[in-house]
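Take a look at the letters that make up each chain.
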Amino acid sequence: MELKHLRAFAALAEELHFGRAAARLHIVQPALSAQIRALEEDVGAQLFERDRHRVELTEEGALFLPEALATLRQAGRAREVLQQAAAGEVGVLRLAFVSSTLSHLLPVLVRTLEERYPRIELDLKDMPSLPQARALLDNALDFGLVRLPLNVPGVHTRMLFEESLVVALPQDHPLCAQRRIKPQDLAGCPMLVLARKFAPGLYDQMLAGFHRRKITLTIAREMGEFTTQLALVAAGLGLGILPSGAASALPIGVVTRPLTLAMSGAGIGVAWTVLENPRKRAMMQVLDELYPAPSHLESSFPPC
């Protein structure tokens, strides 16, 4: 049973006129008659009563019509799903993210993907940058929203936006009187920082920046989360150094001041290994639109 025969049957059942049905299908009337005869031979039943003056469905034809229409709808649905899959509009995307993207980047990205590709299902995981890189290499993830710099062989990255560093202080700390804090202002202060295993590039750049100025940073504690770091600042256990984006929601009694320490290539980026299917390429296109790279930073993605 061919789909073109079912389409011919459905058109004739609606028009009940060979000429109009043939015109609707953009075929000549003899071709329509041949398709109806072929279908009747295939199903072993007469579907229409016809003579020179009228065309009517037989009892068998009336019973067959809803089944034929359902088959045509399902065939159309199958074609639509296949076309959407080929365009990257259907399937699952496994996306991990660092927690500091929760305030802005992740909601914007998820909302845009949901609006543009409602049939893409997102499998989301909150995960530090280095475990994300390992999961990408193990093919357990498709993309990661990571903290840069992140240098892992086999993992490609692109900066989405840069971040400067800020110092989190209790609101009654003497340094709050300053609009900006210099690295030397922190000499001897107990500092709370994100542990190196969670963001090695950020950690190393920060310490190198202090080292260049011949300042030894007194690290009181290394934390696993910026939220914990800020909570301990609020408790008066030290001052915190963190990226500006990670300080979007401050506890009561905590304020931030910019730290005048340049960080090259520090920020939030996207990480991946290969862009081998349309779904991944669609995701990258959305990120490129939301966070276009400056012309001098544009990267050429590796071949799929």
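Sequence order as written defines the numbering, with residues in each chain counted from 1. Selection of residues for local features in this predicted model requires a pLDDT of at least 70, selection of side-chain atom pairs for listing and counting requires 80 or more, and totals for whole chains, interfaces and linings are taken over all residues. For side-chain calculations, the full set of non-hydrogen atoms in the structure is used, while hydrogens and water are omitted.

- The name given to the protein in an unreviewed UniProt entry is Hca operon transcriptional activator HcaR, with Pseudomonas fluorescens as the source organism.
- UniProt positions are given in the numbering used here, feature names are shortened, and annotations may be inferred rather than shown by experiment. Of the comments in the UniProt record for the protein, the one headed Sequence similarities (unreviewed entry) reads "Belongs to the LysR transcriptional regulatory family."

**Considerations on the confidence of the model for the protein**
So, step 1. When pLDDT is averaged across the protein, the result is 89; 93% of the residues are at 70 or more.
So, step 2. Considering each helix and strand of the protein separately, the mean pLDDT is smallest for helix α4 (residues 59–86), with a value of 83, and largest for strand β11 (residues 254–258), with 96.
So, step 3. Contacts from residues 295–304, a stretch scored under 50 in pLDDT, to residues over four places away or in other chains number 12 contacts. Per-residue confidence from the predictor is reported as pLDDT, a score between 0 and 100. By the criteria applied, helices consist of DSSP H or I runs no shorter than four residues and strands consist of E runs no shorter than two, each listed in order from the N terminus. It only takes one pair of heavy atoms within 4.5 Å for two residues to be counted as in contact.

**Some points on unusual backbone geometry**
So, step 1. Here the amide bond leading from Leu148 into Pro149 is cis, since omega sits at 5°, within 30 degrees of zero.
So, step 2. Within the secondary structure, Pro149 sits in the loop between β5 (143–148) and β6 (156–162).
So, step 3. Within the chain, Asn139 stands out as a residue other than glycine whose phi angle is a positive 60°.
So, step 4. Along the chain, the position of Asn139 falls in the loop between α6 (129–137) and β5.
So, step 5. A residue is classified by how much of its surface remains accessible, and Asn139, at 48% relative accessible area, is partly exposed. Only protein chains enter the accessibility calculation, which uses a 1.4 Å probe; a residue whose area is less than 20% of its type maximum is buried, one above 50% is exposed, and one in between is partly exposed.

**Observations concerning the nonpolar core**
So, step 1. Each nonpolar core is a collection of buried residues, namely Ala, Val, Leu, Ile, Met, Phe, Trp, Tyr and Cys, held together in the definition by side-chain atoms within 4.5 Å. The biggest cluster of nonpolar side chains holds 36 residues, and the ones touching the most others in it are Leu186, Met206, Phe210, Ile241 and Leu259.
So, step 2. The set of elements that each furnish at least two residues to this core consists of β7 (165–170), β8 (191–194), α7 (200–212), α8 (226–234) and β10 (239–243).
So, step 3. At five residues, β7 tops the list of elements feeding residues into this core.
So, step 4. When neighbours within four sequence positions are excluded, Phe210 is seen to be in contact with Pro183, Leu186, Ile215, Leu217, Ile241, Leu259 and Leu261.
So, step 5. Core analysis: the next-biggest nonpolar cluster, separate from the first, contains 24 residues, Leu106, Leu109, Tyr117 and Tyr291 among them.

**Some words on empty space enclosed by the protein**
So, step 1. Buried and open spaces are told apart on a 1 Å grid over the protein atoms alone, a cavity being a set of points where a 1.4 Å probe fits but cannot get out and a pocket being an open set with protein on both sides within 12 Å along at least five of seven lines. Residues with an atom within 4 Å of a point are the lining residues. Grid points are joined across faces, edges and corners, and a volume is the space filled by probe spheres set on the points. This model, assessed by the stated rule, comprises two cavities of 30 Å³ or more.
So, step 2. Together, Leu165, Val193, Leu194, Ala195, Ala199, Leu202, Tyr203, Met206, Phe226, Ile241, Leu242 and Pro243 line the largest cavity.
So, step 3. At the level of elements, β8, α7 and β10 are the ones that each hand at least two residues to the lining of the largest cavity.
So, step 4. For the second largest cavity, the calculated volume is near 30 Å³.
So, step 5. Taken together, Arg147, Leu148, Glu163, Leu165, Leu202, Pro243, Ala266 and Gly267 make up the lining of the second largest cavity.
So, step 6. In terms of residue class, the lining of the second largest cavity is made up of five nonpolar, one polar and two charged.
So, step 7. Note that the domain bounds were set by an automatic or database domain assignment. Structurally, the lining of the second largest cavity is a two-domain feature, drawing no fewer than three residues from each of domain 2 (91–161 + 266–290) and domain 3 (164–258). Three classes are used: nonpolar for Ala, Val, Leu, Ile, Met, Phe, Trp, Tyr, Cys and Pro, charged for Asp, Glu, Lys and Arg, and polar for all others, with Gly counted as polar.

**Re the sheet that holds β6**
Strand pairing in a sheet is mediated by backbone hydrogen bonds. Such pairs are either parallel or antiparallel.
So, step 1. Pairing is mixed in the open sheet, where five strands are placed in the order β4-β3-β5-β12-β6. Each having just a single partner strand, β4 (120–126) and β6 make up the two edges of the open sheet. The average angle at which neighbouring strand axes cross in this sheet is 25°, direction not considered.
So, step 2. Bridge count for β6 against strand β12 (residues 267–272) is six bridges, and the pairing is antiparallel. At least two bridges found by DSSP between two strands are what make those strands a pair. The angle between two axes is taken between their N-to-C directions and runs from 0 to 180 degrees, where each axis is a line fitted to C-alpha atoms and a helix contributes only its stretch in contact.

**Considerations on the domain arrangement of the protein**
So, step 1. Domain annotation for the protein reports domain 1 (3–87), domain 2 (91–161 + 266–290) and domain 3 (164–258).
So, step 2. Look at where the C-alpha atoms of domain 1 and domain 2 centre, and you get two points 47 Å apart.

**Details of the pairing of strand β9 (residues 219–223)**
So, step 1. Bridge count for β8 against β9 is four bridges, and the pairing is parallel. By the bridge assignment for β9, Val193 is matched with Glu222.
So, step 2. Remark: the β8/α7/β9 crossover connection has right-handed handedness. Looking down the strands as they point away from the viewer, one classifies a crossover as right-handed if the path from the first strand across the helix to the second runs clockwise.

**Observations concerning the packing of helix α2 (residues 18–25) against helix α3 (residues 29–43)**
Between two packed helices, what matters for the description is the angle formed by their axes and the separation of those axes.
So, step 1. At a minimum axis separation of 9 Å, α2 and α3 run at an interaxial angle of 95°. Judged by the inter-axis angle, α2 sits roughly perpendicular to α3. In this structure, α2 contributes Phe18, Gly19, Ala21, Ala22 and Leu25 to the contact, and α3 contributes Gln29, Leu32 and Ser33.
So, step 2. For the contact of α2 with α3, the residue count by class is five nonpolar, three polar and no charged. To sort the angles, those under 35 degrees are grouped as roughly parallel, those over 145 as roughly antiparallel, those from 65 to 115 as roughly perpendicular, and the leftovers as oblique.

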